[in-house]
Every structure is written in C-alpha cells, then in structure tokens.
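Architecture and fold: a report
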Amino acid sequence: MSNPLDRQQSLSDRHISALVEILRVLPAGNWTTYGELAKLLHTSPIVVGRYMTDPRLPNPYRVLNSRGEIAKGFHWGEHGRSDAPREILEREGVAFSAQDRAAREQRVSAEQLRELLGDRRDDVLGPVAKRISADRRHRPAVPIQPLFDDGGVAAMEQAISGRADLHKHEYGPNSRLLFAAELILDISDIHTVAAEALIDGGEDKSCDFLYVDPDAGLVVLAQGYEAEQTNKDRAPQRKAASLHQAAAWVFTHDIARVPQRIRPAVEQVRQEISDGLIREVRIWYVHNLPESQHVADELAAVENLVSSVLASHKTEVDVRAEEIGRNTLAAWYRTSVTPILVTEEFSVDVESYIEAFGPKWKAHSVTVPASWLQGKYWEFGDLLFSANVRGFLGKRKKINADIRRTLEKEPYNFWIFNNGVTALVNDAKYDSQAKRLLVSGMSIVNGAQTTGALGEFADPTALADARIPIRFITCADRATVRDIIRFNNQQNPTEPSDFRSNDTVQRRLVTEFDRLGVIGYTGGRRGIDTRRPSDIDVETTSAAKALVAFHGQPGIALHSRGQIWEDDALYGRLFSDATSALHLLFCWGLMRAIEQHKGSLLGQKLNELPTGKQDQRSFFNRPGSIPLMVAAVGDCMEDLLDRKIAHSFRLAFRTPLSASDAIRAWRSVVAKLAPFACHELGRVLDKGALPRDFDSKDMLKEWRMRVQTIAGDWTDLRDALRNQIIGWR
C-alpha cells in the first residue's frame, strides 16, 4: 500500500552511469535483483526495471526479480536480439530450481555489489547518494514538545473524533492506530487493511496490528493505547515493553510455539523476509499522550532485538521502532493538511516582482535565475514535489527533452518558452530595497518537469543566461490548497507507470462507474482527488484485489497486489473487454460484505459469542481468510445458483444499485457460508499462510463438495440470487 508517486520516478545520467558500472562488476555465474540495485541508486525496484532495456547497460539478463525469476515481459534493449536470458545464465553457471528460480546462494546483495566496486565505490555511488528520497515513511524526527505546546494536537484530535467510519466499525483504541497508518503509509482503503492486519482477542502476544506489504517491502508491527485521562505526561512504559514480547514472537520464537491465534500472520512475515521481499520493518507504539524518553529507551531495545535477528538475512532490512504519541501524530497530520515537507527558510534575488491577493491566498510572482531553482532541487530532491501529483518523469519524456533542448540551445529564451513554476509556501515577504524575496517552506505544485530538467545539468554555469518565472503562493485554507494542486495539474495528467490508468479498459471502467453513480474508482490514477475515501467507495486497488481473489488467485490478493498491475498476462486476464464496472462492483461488494461480517464479530465480546461464532471470529482473524473466502464463494457460484455459468466475468447484480446495495446483496450469502468457511477453509490455513500461487481449483475441492451437499436446501437464497444476479444464463 505505499504511494509510488512518493518515490523517485526516473534515473538521471548520474544514476545510469552508476548502474552501468555496477552491472559491469556483477560477475558471471551470479545474479542480483532490481531491489538490490535500487538500494544502491536510492530509488525503487520499479524505476530500475524501466531502464533494463537501455542498450548502454551491460549484462541486464543477470538482474532478476526478488524471487530469482526472470521478470515477465523481459526484452532486450539491443535491436533484433531474441536469445533466452535463462540459457545465458545457465551457460554462465547459474543453477535454476524446478520452480524456475535461480539459486539463492548465487545471488549478490547490494552490500556485495558495493564491495565489488572496490576503491571506485565512492566515485560511482557518491553522486547518486546525494539525491534525497521523498518516501513519506522517512519523515524528519519530531522533537518531543512540552505539554502546553499544542503543535496542532487539537486539530489532529478533532480529525480523529470526526472519523465516523472508524467509530462505526468499533475499532476502539485501534482507531488512532489506523488513523496513523492511513497518514504515514498513504493507505487509500484503511478498512480493508484493518480487516487484514488488526489482531484481536487472547493469545495475540501484544500484536495489535501486523501489516505486511511485500510490494512496498514493508512490515509494520504496532501496539495501540488510548488513555482515558490525557493530562498525564507520558504513556505507560509497560505497553512499549509489551512490543518487545510481540517482536520476539514474530521474529525469534520457534514457529511451533507461536500461538495458533497469530501463527499464520507470523508465518507470512517470516516467509516474505526469507524470500527477500522485505526491506523495512517498522515497530510502532501509537497512543494519545506526550512522547517520553522512558518509552524511547524501551523501543530502542526492541529495535536492537529485531535488527540483530534480521542481520543474518541476505537482504538488508532496515528496522526502526517509533513512539507515535500525540505530538508526532499531530506533526504528520499537519503535513497531510499543508503538504509542504521542505520547511527551511531561504532567499532569492528577483529581477521582477508582482504581488497579488485573493480572499484566502496571497501570491508573489517573480523572475529568478534558473540556477537558483536547480540548486534547490540538488539540495532537496523530490521532497520539493511533496504537494505535486507526480515527480520528475525523466528527460526521456518529450516535454522534458524539449525543456533541456531550450536550456542547451536558447537559454536566453527560456523565460518566454516555459510556463514557469507554481509553488506553495508557508510564508513569503518581499524586500523592495534589496530586491529579494524571503521564503519559508516550499512545495512545487506545478513545474516538476522544469525543475527536474534543470537538475539534470551538472554544471550550474550552463544556466547563466536562463531565467524562470515562479509564483509563490501562501494559503492556509485546506480546500483552496486542494484546488490549487488540482487545477495547476489538469493540463498534465498523472501517468504512474505502476498502474494502467491510461489504457482503454481503465478509461472505460471509470466511465462505467461514473454512469452507475458509484464513486471512488479512478482506474489507478493517483493524487488528483485528495478527498479521503469513505468505506463505501469502490477504491481501485481494493476492487482489483477482490477481482483477482474472486477469479481464483487469493494468494496474489494477499501477497502481491502490485503484480496485478505489473504482470501483463495477469492484468490482461483480469482487465479485458469482458470486464465491466458491474462485475467489479459484484466482486468488491462480496469482499466488503465479508469484511463487515468479520467486523460484526469483532464488535462483540468474545465470551458473549456462541461457540460457532467464536470459531468464525478465530477464522476471520487469520491472514488470508478474507481473500480466501472471496475465492471460495467465486468457486461455488454454480452450486449457489444451481446453474451452469458459461463466463464468470459476466456475473453482476441487476441495476440500478449503489455500492451499499452491492454489499447488502451479499450479506445473506456470507452469513450462510461463514459457519462452513471457518471449518472447511480453516483447514487450508491450518497448513500455513496462504501461498502466492494458491490454486483454488485444486485446493477447494472439499469446500465445493460441502457446499454442493447443503446448497440444495437453500431454495430461498437460491431464488433470491437468481433474481438479483445477471450473467449466469
């Protein structure tokens, strides 16, 4: 669930040069991964993958995915070359398993690549190490503030108390924890995450929240606490100490001793780490009191424990334990409301100046040397684009190539050829005597391509004749800020390559959802609508997850949601001309109904539930249970309808219906099947965490037989489904 727009979107010439040198020293008979290269280049594996077809790169076939497989869609950058990468690797001595995975002992880590560079490592890696990552999880440390300093705490508390959706689901003290996760991890569908990651009940070994996102390489282990009296000066140290226990159970204890209550989640975490998919482990203590040194010391011990345990793994894992008290959370909330991450103060000499005002804003329109903006990009990197819907897209984009060409050939005309830059600032003041603008904080909302193109010039003297117009806007009104961001970017729509937001199928689906009056589905386009989704919005990622689970691959829904968008074959099977908004709504409604069924069980005291519902609650608390049940319902639709289904992608509810109607239509089915799911599907999870390559056709035979024997007696349910569902005839 991390946002791909928060990461570097392209590689500069310095990065390409470094990549060439790294691949040159990668010896024959060995291989590495996109992730290991990304660590050295301070970018993401997806960005590295884009450049593997660059003909300048030597030995690109030695770069595999994190599982040691040749990436789907691999093709040579050299024109006309078609030989098989695996055959070359095998000739060089790389061994492959029966599962087509390269031998792990022949894998070369980022640290080993660094050593192979020898004395040249600083010359090769130094220039790319200067670029600052804009990952939202790596925020500056927030100093502990005294109790009387509000620091935005009141606004943050008001925001949490106003979250009716969190209170409706009765998350209790975990509401704050989920609010924090939504902010920090940029989660667009917190209720689906809650259904997967919240751990409830006895024998949870202090694991309130265990979240795994292999696509982002992230594990989060968290403990939540809500004090009734908030005038205390610090949170209980014992709750932080309990995270020590939780970490020990998750990362160190013999798996046979781990309570069944949390064992599947722990198995999943350990498997992802063993597969080399996890790069970060975050341990949080989330509460509503001030931060304290006592808690910090306790968490440092937890961090040291986990770091020492994971040090033996071939893939380097960054571990950080954090106290997220009310001051820290308030600081993060302020960032989400006023999206300016670069808060330094600086000045710039200006050649022209115009001041303009509006009811809720003030603007300073100036002309500045292009070298000044170039210097800010070198200093802050993509942090300058924290309020932008996209980062620098790279000089290969035509618009950026044109910008560069103007700077190289006609720098004196740059001012008249370029649209200029718009930046949000916390404050700006003009010194008329010195002809200097004093600026506090800055985020570029339009002009990322211009700024990035300037940053590609290694020599600032090359820009001596270039000038650029900039508008510095000060605005404290949240709605106006949102509109500034939105309208300043309408002429250049976001095109994140991780998603398929611009292909014909996604554009059609967005139109179909609009016609249905169902909101939330954007086809993967991120950042345009900053409104927080509600729990009945059909959010794109959740809809895709429900779709892949319903059609028999719940392991991908659980472990590898990014694969839906990156794997051409999988994407083509799921999103074809046969896929409709009605069918997506059909699948999504089922997943939401299961999540809400789980929520209704968690909303009651365990000892007050009948034994049967206690069993259901235990089942649904296990990782993978929800996508597994979605797949199981999809697998037995013919038995529920007592009809042959020729094309499962045609299944849909009759219109008109809303997202709430789609959920409601599934509730009776979920209620009927849940008692059987906890036993029949529970046996599947008893064998361990749901694997990525789970095959519902082979693994759900006993489930189908069970449903076949009982579905014939559910005549009322069958008749209701036949009346509600179309596409089965």
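Details of the overall build of the protein
- Counting its secondary structure elements, the protein contains 32 helices and 15 strands.
- Scored against the burial criterion, the 729 residues of the protein give a buried share of 57%.
- Sequence separation of 24 or more characterises 75% of the internal contacts of the protein that already satisfy a separation of 6 or more.
- When the accessible surface of the protein is totalled, it reaches about 30,500 Å², and 49% of it is carbon and sulfur.

Looking at the pairing of strand β4 (residues 218-224)
- The buried count for β4 comes to 7 of 7 residues, which makes it a mostly enclosed element.
- Residues Leu 218, Val 220, Ala 222 and Gly 224 point to one face of β4 and Val 219, Leu 221 and Gln 223 to the other, with burial holding for every one of them.
- Of the pairings in the sheet, the one linking strand β3 (residues 209-213) to β4 comprises 5 bridges and is antiparallel in character. In the sheet register, Asp 213 faces β4, and the bridge partner there is Leu 218.
- The loop that links β3 with its antiparallel partner β4 comprises 4 residues; one of these, Gly 217, has a positive phi angle of about 65°.
- Bridge count between β4 and strand β5 (residues 280-286): 7 bridges; the pairing is parallel.

With respect to the packing of helix α29 (residues 659-686) against helix α32 (residues 715-724)
- Look at α29 against α32: their axes get within 11 Å of each other, and the N-to-C directions meet at 150°. Taken together, the axis directions place α29 and α32 in an arrangement best described as roughly antiparallel. With respect to the hand of their crossing, α29 and α32 are arranged in left-handed fashion. Residue-level contacts link Ala 665, Ser 668, Val 669 and Lys 672 of α29 to Leu 717, Leu 721 and Gln 724 of α32.

Some remarks on helix α31 (residues 701-711)
- Within the span of α31, buried status applies to Trp 703, Arg 704, Val 707, Ile 710 and Ala 711. Taken around the axis of α31, the buried residues stretch over an arc of 140°, which confines them to a single face. Opposite the buried face of α31, by more than 90 degrees, sit the exposed residues Glu 702, Met 705 and Thr 709.

What to know about the sheet that holds β3
- Taken together, the 4 strands give an open sheet; going across it, the order is β3-β4-β5-β6, and neighbouring strands pair in mixed fashion. Lying at the two open borders of the sheet, with one neighbouring strand each, are β3 and β6 (318-324). Strand-to-strand twist in this sheet, taken as the mean axis angle between neighbours without regard to direction, amounts to 15°.
- The strands that helix α9 (residues 174-185) touches are β3, β4, β5 and β6; relative to β5, the one it contacts most, it runs at about 140°.

Remarks on the packing of aromatic side chains
- In total, this model carries 13 aromatic pairs according to the counting rule given.
- When the centroid spacing of 3.7 Å and the interplanar angle of 5° are considered together, the rings of Tyr 353 and Tyr 430 count as stacked. With Tyr 353 in strand β8 (residues 352-357) and Tyr 430 in strand β11 (residues 427-431), this pair connects stretches of sequence that are 77 residues apart.
- By relative accessible area, Tyr 353 is classed as partly exposed at 25%.
- Assessed through its relative accessible area of 26%, Tyr 430 is described here as partly exposed.
- The ring centre of Trp 76 lies 3.6 Å from the NZ or CZ of Arg 81, which sits over that ring.

Examining the pattern of salt bridges
- In total, this model carries 31 salt bridges according to the counting rule given.
- Among the salt bridges present, the one from Glu 111 reaches Arg 114, with a minimum N-O distance of 3.5 Å. A residue pair is termed a helical-turn pair when its members lie 3 or 4 positions apart in one helix, as Glu 111 and Arg 114 do in helix α5 (residues 110-116) at 3 residues.
- Of the residues examined, Glu 111 reaches a relative accessible area of 39% and is grouped as partly exposed.
- Residue Arg 508 is joined to Glu 512 by a salt bridge in which the shortest nitrogen-to-oxygen separation is 2.8 Å. Taken together, the positions of Arg 508 and Glu 512, both in helix α20 (residues 504-516) and 4 residues apart, correspond to about one turn of that helix.
- When its relative accessible area of 26% is taken as the criterion, Arg 508 is described as partly exposed.
- One continuous salt-bridge network, built from bridges that share partners, spans Glu 21, Arg 24 and Arg 120.

So, the pairing of strand β12 (residues 436-446)
- Judged by how many residues are buried, β12 sits mostly within the fold: 9 of 11 residues are covered.
- In the sheet, strand β7 (residues 342-349) pairs with β12 via 6 bridges, with the strands oriented antiparallel. Across the sheet, residue Ser 347 finds its bridge partner in β12, namely Leu 438.
- Pairing between strand β10 (residues 421-425) and β12: 3 bridges, direction antiparallel. By the bridge assignment for β12, Leu 424 is matched with Ser 443.
- Of the pairings in the sheet, the one linking β11 to β12 comprises 5 bridges and is antiparallel in character. Among the inter-strand pairings, Asp 427 is bridged to a residue of β12, identified as Ser 440.
- Counted along the chain from β11 to the antiparallel partner β12, the turn is 4 residues long, and its residue Lys 435 has a positive phi close to 50°.

Here's the deal with the environment of Val 510
- Locating Val 510 in the fold gives a position in helix α20.
- C-alpha separation for the pair Val 510 and Ser 580, spaced 70 residues apart in sequence, amounts to 9.9 Å.
- Residues contacting Val 510, with those up to four places away along its chain left out, are Tyr 521, Thr 522 and Gly 523.

Each value, and the rule that gives it
Residues numbered from 1 in each chain as written. Predicted model: local features only at pLDDT ≥ 70, side-chain atom pairs only at ≥ 80, totals over all residues. Heavy atoms only, no water. Helix = DSSP H or I, 4+ residues; strand = E, 2+ residues; numbered from the N terminus. Buried < 20%, exposed > 50% of the residue type's maximum accessible area, 1.4 Å probe, protein only. Contact = heavy atoms within 4.5 Å. Areas by Shrake-Rupley, 256 points an atom, 1.4 Å probe, with all protein chains shown as cover. Pairing = 2+ DSSP bridges. Axes fitted to C-alpha atoms, helices over the stretch in contact; angles between N-to-C directions. Parallel < 35°, antiparallel > 145°, perpendicular 65-115°, else oblique. Left-handed = near helix turned anticlockwise from the far one by under 90°. Arc of directions from axis to C-beta. Phe/Tyr/Trp six-rings, centres within 6.5 Å; stacked < 30°, edge-to-face > 60°. Lys NZ or Arg CZ within 6 Å of the ring centre and 35° of its normal. Salt bridge = Lys/Arg side-chain N within 4 Å of Asp/Glu carboxyl O.

Any functional reading would require information beyond the geometric quantities listed.
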